Amino acid sequence: MPSAWLTTPLDVYEKHVELDSVGQAAAIREILLAALRRYRPQSLLCLGCAGGNGLEHASGLRVVGLDLNPDYIEAARRRFPWAAFHVCDLNDVLPAFEPVEMAFGALVFEYLAKPGDVLRKLAGRIAAGGRLVVPLLQADEGVPVVLPSPYLAALEPLRAEYRTLAPDEFTALAARAGFVVDSVSELPLPSGKRFVILDFLRR
């Protein structure tokens, strides 16, 4: 089934998540930087990399970025020519690359049809003892999926593909794929949302 991510312009998405009232882009950069400083990996897999938000912190590492939208990948290649990017539907077969020491996926698992299947595939691409860091978006009751912004109409098609993943649900899926939760933390966002940050160890 075609995804709304294929027809959502990158500049629209980026302008929305960069809004102070949304705060998601800045939070993703903060979470990724903290994970890189904590685990000091030499290689990083960025799932749903879009235009590469946060990869400025990964310079000097072996970086693999995956995204469904070819235009997003092209933008990421221009911004970060030292990284390797692949157009990839995570619901299908992953491209070939050497296992990484850390994988990071923000605002991606909430849009996947079968996140458990994707986690099982990822388990073969993360080295034993490596890390998977997943910030899951959560919202207070009554908070809309897409927060009000000048870009709301253009982002509306994404609403049908989004589903909230409860941290306990995701942790159970990850455990079945060979991941052990190592730490859980939260980062508040504006307007009644927050990222619950799940750090997993690859067994």
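Since the structure is predicted, the reported quantities are computational estimates derived from the model, not experimental observations.

The next subject is the packing of aromatic side chains. As enumerated under the stated definition, the model contains 8 aromatic pairs in all. An angle of 80° between the planes, with centres 5.1 Å apart, marks the rings of Trp-5 and Tyr-111 as edge-to-face. Placement of Trp-5 in the segment before α1 (10-18) and of Tyr-111 in the loop between β4 (100-105) and α4 (115-123) is noted, with a sequence separation of 106 residues between them. Taking relative accessible area as the criterion, Trp-5 reaches 13% and is therefore assigned buried. Ring geometry for Phe-80 and Trp-82: centres 5.9 Å apart, planes at 75°, overall edge-to-face. When its relative accessible area of 10% is taken as the criterion, Phe-80 is described as buried. Grouped by ring-pair contacts, the aromatic residues Trp-5, Tyr-13, Tyr-72, Tyr-111 and Tyr-162 constitute a single cluster.

For the pair α1 and helix α3 (residues 70-79), the least separation of the axes is 10 Å and the interaxial angle reads 70°. When the axes of α1 and α3 are compared, the pair comes out roughly perpendicular. Counting all contacts with α1, which are made through Leu-10, Tyr-13 and Glu-14, the residues of α3 involved are Tyr-72, Ala-75 and Arg-79. Across the contact of α1 with α3, the residue classes tally to 4 nonpolar, no polar and 2 charged.

Scoring rules and cut-offs
- Residues numbered from 1 in each chain as written.
- Predicted model: local features only at pLDDT ≥ 70, side-chain atom pairs only at ≥ 80, totals over all residues.
- Heavy atoms only, no water.
- Phe/Tyr/Trp six-rings, centres within 6.5 Å; stacked < 30°, edge-to-face > 60°.
- Helix = DSSP H or I, 4+ residues; strand = E, 2+ residues; numbered from the N terminus.
- Buried < 20%, exposed > 50% of the residue type's maximum accessible area, 1.4 Å probe, protein only.
- Axes fitted to C-alpha atoms, helices over the stretch in contact; angles between N-to-C directions.
- Parallel < 35°, antiparallel > 145°, perpendicular 65-115°, else oblique.
- Contact = heavy atoms within 4.5 Å.
- Nonpolar A, V, L, I, M, F, W, Y, C, P; charged D, E, K, R; others polar.

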